[in-house]
Amino acid sequence: MSSNKVLQPDFKLSFLLPKYWLTWLGVFILYTISWLPFKLQLFMGRMLGRLLMKIGSKRKHVALTNLRLCFPDKSEDELQILLKKNFENTGIALFETGMGWWWPDWRVKRKFKVKGLEHLEKARKEGNGVLLLAMHYLSVEMNARGVGYGHPMVVFYRPHNNQLMEFFQFRGRGRSNKYMLGKRDVKGLMKALRDGEACIYLPDQDYGRNRSVFVPFFGVKEAATTTGTLIFARQKNVETMMIIPVRNDDGSGYTLEIMPPLENFPTQDNIADVTRINQELEKAISRKPEQYMWLHRRFKTRPNPDDASLYK
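Residues numbered from 1 in each chain as written. Predicted model: local features only at pLDDT ≥ 70, side-chain atom pairs only at ≥ 80, totals over all residues. Heavy atoms only, no water.

The name given to the protein in an unreviewed UniProt entry is Lipid A biosynthesis acyltransferase, and the organism recorded there is Colwellia psychrerythraea.

Further remarks concern the UniProt feature "short sequence motif: HXXXXD motif" (unreviewed entry) in the protein. In the numbering used here, UniProt assigns the "short sequence motif: HXXXXD motif" (unreviewed entry) feature to residues 136-141. A distance of 10 Å separates the end C-alpha atoms of residues 136-141, which is 33% helix and 0% strand. (UniProt positions renumbered as here; feature names shortened; annotations may be inferred. Helix = DSSP H or I, 4+ residues; strand = E, 2+ residues; numbered from the N terminus.)

What follows covers the sheet that holds strand 5 (residues 198-201). One open sheet accounts for seven strands, arranged 1-9-8-2-5-3-4; its pairing is mixed. Across the chains shown, the open sheet's two edge strands, defined by having one partner strand only, are strand 1 (112-115) and strand 4 (179-182). Put simply, the sheet's adjacent strands are angled 25 degrees from each other on average, direction ignored. Pairing geometry for strand 3 (residues 154-157) and strand 4, over four bridges, is parallel. (Pairing = 2+ DSSP bridges. Axes fitted to C-alpha atoms, helices over the stretch in contact; angles between N-to-C directions.)

Here we come to the UniProt feature "transmembrane region" (unreviewed entry) in the protein. In the numbering adopted here, UniProt assigns the feature "transmembrane region" (unreviewed entry) to residues 20-38. In the segment residues 20-38, helix accounts for 74% and strand for 0%; the C-alpha atoms at its two ends are 29 Å apart.

On to a nonpolar patch on the surface, then. Side chains of Leu22, Leu25, Phe28 and Ile29 sit close together on the surface and give an oily, nonpolar patch of about 450 Å² of accessible area. Mapping Ile29 onto the fold places it in helix 1 (residues 21-33). With relative accessibility at 42%, the residue Ile29 sits in the partly exposed group. (Patch = residues over 30% accessible without salt bridge, like charges linked within 9 Å, V, L, I, M, F, W, Y side chains within 5 Å. Areas by Shrake-Rupley, 256 points an atom, 1.4 Å probe, with all protein chains shown as cover. Salt bridge = Lys/Arg side-chain N within 4 Å of Asp/Glu carboxyl O. Buried < 20%, exposed > 50% of the residue type's maximum accessible area, 1.4 Å probe, protein only.)

Turning to helix 6 (residues 117-125), a few remarks are in order. When we look at burial in helix 6, the residues that qualify are His119, Leu120 and Ala123. Seen from one end, helix 6 has its buried residues packed into an arc of 100 degrees, which puts them on one side. For helix 6, the exposed residues lying more than 90 degrees away from the buried face are Lys122 and Lys125. Summarising the contacts, the buried residues of helix 6 are in contact with strand 2 (129-133), strand 5, strand 8 (238-247) and strand 9 (254-258). Within two residues after helix 6, Gly127 carries a phi angle of roughly 80 degrees, on the positive side. (Arc of directions from axis to C-beta. Contact = heavy atoms within 4.5 Å.)

A separate point is the pattern of salt bridges. When charged atoms on two side chains of opposite charge get close, those side chains can pair. Throughout the structure, instances matching the rule amount to 13 salt bridges. A salt bridge links Glu257 to Arg287, with the nearest nitrogen and oxygen atoms 2.9 Å apart. Residue Glu257 is found in strand 9, and its partner Arg287 is found in the segment after helix 11 (270-285); the two are separated by 30 residues along the sequence. Relative accessible area serves as the criterion here: at 22%, Glu257 is assigned to the partly exposed category. Classification of Arg287 by relative accessible area gives partly exposed; the value is 39%.

This paragraph deals with the pairing of strand 7 (residues 220-226). Among the seven residues in strand 7, five count as buried, and that is most of the element. Two strands pair when backbone bridges link them, and strand 6 (residues 212-217) and strand 7 are joined in this way by five bridges, in the antiparallel orientation. Bridge pairing in strand 7 places Phe214 opposite Ala224. What sits between strand 6 and strand 7 in their antiparallel hairpin is a turn of two residues, with Phe218 showing a positive phi close to 55 degrees.

Now for the side chain of His296. Mapped onto the secondary structure, His296 falls in the segment after helix 11. In this structure His296 touches Val62, Asn66, Gln205, Asp206 and Tyr311, once residues within four positions along its chain are discounted.

Shown next as structure tokens:
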């Protein structure tokens, strides 16, 4: 194993200390619920989401602000309907965490359909690495499991702050994939691409002012957008593709679609390339906007540091 890969976290005796007892309780409840029928968990998740919408005023404000900024042409009634659906999907996402971490392989495979694997196979035969651009759909924990059964991936991710939760998260997300890399391990991801791996990278959130440019994203003309994507996309023998996950409306499971490689990408124009990435993300998110993670303060970094926050 390469030294730059994230080492699998070991179980520690300190996890038995009182400071982790609430975490253990939550894990036990989530694990128990994960064995319930899938459609029952979807129903429970929607009910939980409605409760979260009533008690989570701060997150509700963030999500509604994002929706108003991104969809200025929608009426207030349309935005409220979308907000409610988004919270319902947020509740479902909690139970999907349990499914993604603990469901047996046969149960995960039964719920997933992966399209576009031929694009990965073609790149592999040509000796190219693949940079798969994803977005923070709320079903991320299930998607992390499901995608690996079509083609095992290298996953670039943010380790959990709670060490016990990281112990479970790492094992859950990595069960069907090759290995995981922490979000700061840029060299590790570059090496994986050189080795011809398919690597998942999520460029859709606000990662701060460092290595970012301000380009349009939905209805916001100047949204801080990472240029880190281009570090990987501009490597030799790397193809860039979008991977779009959705939860099927009929409750049958999930569909992951790998799109054909982006043509004439990247160029040497940072602004043009990052703008194009945002446009591709917009098209992907617009398929199921209610399933996207609008609770994140996507526009917290302003073009001028002295500008007032959009979330006040």
